[in-house]
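A structural walkthrough
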Amino acid sequence: MKVATVDGRLALVTAPGKAVDAAEASGGRFGPGVQPAYERWAELTEFAATIGEGHALERLVRDDQLGNPVPAPRQVFAIGLNYADHAAESSFAVPETPPVFTKFPTCLTGPYDEVVLPDGGNVDWEVELVAVVGKRAERVAEDHAWDHVAGLTVGQDLSERRLQLAGPAPQFSLAKSYPGFGPLGPVVVSPDELPDRDDLELGALVNGEQVQKGRTAQMVFSVPALIARLSAVTPLLPGDVIFTGTPSGVGMGRTPQRYLQAGDELVSYVHGIGELRQRMVAAA
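A short tour of the structure in this document, coming up. All figures in this text were calculated on a predicted structure; none of them were measured in a lab.

Some thoughts on the nonpolar core
L12, L44, L152, I242 and I273 are the most contacted members of the largest nonpolar core, which totals 77 residues. Residue contributions to this core peak at 6 residues, all from strand 11 (residues 127-133). With residues near it in sequence (within four places) discarded, I273 still touches L129, L152, T153, V154, P186, V187, V189 and L194.

Regarding the pairing of strand 12 (residues 149-156)
Across the 8 residues of strand 12, 8 count as buried, placing the element largely inside the fold. By the bridge criterion, 7 bridges tie strand 11 to strand 12 in an arrangement that is antiparallel. Bridge assignment links V133 to a residue of strand 12, and that residue is V149. When strand 12 meets strand 14 (residues 182-189), the two strands line up antiparallel, connected through 3 bridges.

What to know about unusual backbone geometry
Residue P186 follows G185 across a cis peptide bond; omega there is -5 degrees. For P186, the position within the fold is in strand 14. A cis geometry characterises the amide bond from T255 onward to P256, with omega recorded as -5 degrees. Examined against the element boundaries, P256 turns out to sit in the loop between strand 17 (241-243) and strand 18 (265-270). A positive phi is found at L81, a non-glycine position, where the angle reads about 55 degrees. With respect to the secondary-structure elements, L81 resides in the loop between strand 6 (76-79) and helix 3 (84-89).

Observations regarding the layout of surface pockets
One number sums up the size of the largest pocket: a volume of about 540 Å³. If you go around the largest pocket, you meet 29 residues; those closest to its centre are K2, V13, A15, P16 and V187. For the lining of the largest pocket, the secondary-structure elements that each account for two or more residues are strand 1 (2-6), strand 2 (9-15), strand 3 (18-21), strand 14 and strand 19 (274-282). For the lining of the largest pocket, the class distribution of residues is 17 nonpolar, 5 polar and 7 charged. In this structure, the second largest pocket occupies an estimated 300 Å³ of space. In terms of lining, the second largest pocket is formed by 21 residues, of which the most central are L81, H86, F92, Q164 and F172. Broken down by secondary-structure element, the contributors of at least two residues to the lining of the second largest pocket are strand 7 (100-101) and helix 4 (161-164).

The rules behind the values
Counting starts from 1 at the beginning of each chain's written sequence and moves along it residue by residue. Owing to the predicted nature of the model, reporting of local features is limited to residues with pLDDT of at least 70; listing and counting of side-chain atom pairs is limited to 80 or more, with chain, interface and lining totals taken over all residues. Heavy atoms throughout the structure, all of them, feed into the side-chain values; hydrogens and water do not. Each nonpolar core is a collection of buried residues, namely Ala, Val, Leu, Ile, Met, Phe, Trp, Tyr and Cys, held together in the definition by side-chain atoms within 4.5 Å. Here the term buried applies to any residue with accessible area under 20% of the maximum for its type, exposed to any over 50%, and partly exposed to those in between, with areas from a 1.4 Å probe on protein chains only. Here a strand is any run of E in DSSP of at least two residues, a helix any run of H or I of at least four, and the numbering for each starts at the N terminus. Working rule for contacts: check all heavy atoms of both residues, and any pair within 4.5 Å makes them a contact. For two strands to be treated as a pair, DSSP must find no fewer than two bridges joining them. Here a cavity is any set of points on a 1 Å grid over the protein atoms alone where a 1.4 Å probe fits but cannot get out, and a pocket is any open set with protein on both sides within 12 Å along at least 5 of 7 lines; a residue lines the site when it has an atom within 4 Å of a point. Grid points are joined across faces, edges and corners, and a volume is the space filled by probe spheres set on the points. Here the term charged refers only to Asp, Glu, Lys and Arg, the term nonpolar to Ala, Val, Leu, Ile, Met, Phe, Trp, Tyr, Cys and Pro, and the term polar to all other amino acids, Gly among them.

Okay, structure coming up:
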């Protein structure tokens with residue numbers, strides 16, 4: 001199953017560039033809201049199996065109709081240093097436990113939105129695989145963790161490095177939560193749609209130049225490991241999202257350092273899911 005937000009409504013993707021409105025197709029069994037669908041993920045999955053390409057209500061979908069497919073999570077988890085090569089370029093040792101922070105939900109946005117750059121900031125890119133919770137997870141064993149995942153999507157953990165490193169203690173969450181600093185999408189793909197849910201290529205390009213490329217199999221803590229460790233402390237709720245970390249190639253780790261400028265186009269992708277495209281604009 002592939003789920004999208006089309007014109008602000010829950011949609012089931014039937015083919016590339018095509019989708020069916022879930023509320024219309026179900027005769028009102030499912031509402032038009034996207035976030036409530038994660039509370040009924042098993043039921044929606046069963047219904048989606050009856051919706052195929054060529055459905056009577058199938059419509060063409062333009063990129064500008066697509067919004068954030070997880071618009072209002074109650075909890076947003078983000079993992080730092082989850083690729084050994086990124087830890088090395090950041091001058092940190094590979095962690096023995098996952099470093100966890102949050103991105104405030106107001107930073108989340110859709111797959112093709114503009115990003116306003118803060119004045120005087122050093123805005124960096126971090127492409128990430130994002131896991132979306134589909135069933136409450138509390139003290140879940142790693143072997144059963146995939147059962148609690150609704151799907152996977154593409155995320156960008158945009159980061160303003162000056163604020164992040166300012167003060168007596170790092171300001172990870174605040175520096176990563178400016179408006180537009182959490183693009184998600186373009187769809188949420190159920191793990192069974194992917195050839196290998198544990199090994200996906202992800203990467204980022206700035207103005208067509210490849211700046212990041214890695215594979216999720218290189219993560220220090222896999223998606224199941226993260227769910228097990230997080231749920232051992234706090235329950236994970238349907239519709240919550242987990243930014244799982246970024247591979248090497250970020251701007252801060254380069255010599256000289258490189259940051260996003262007004263007019264830059266940032267493309268982020270995960271093979272089998274899709275790509276994000278963000279245009280950087282100067283603050284008014």
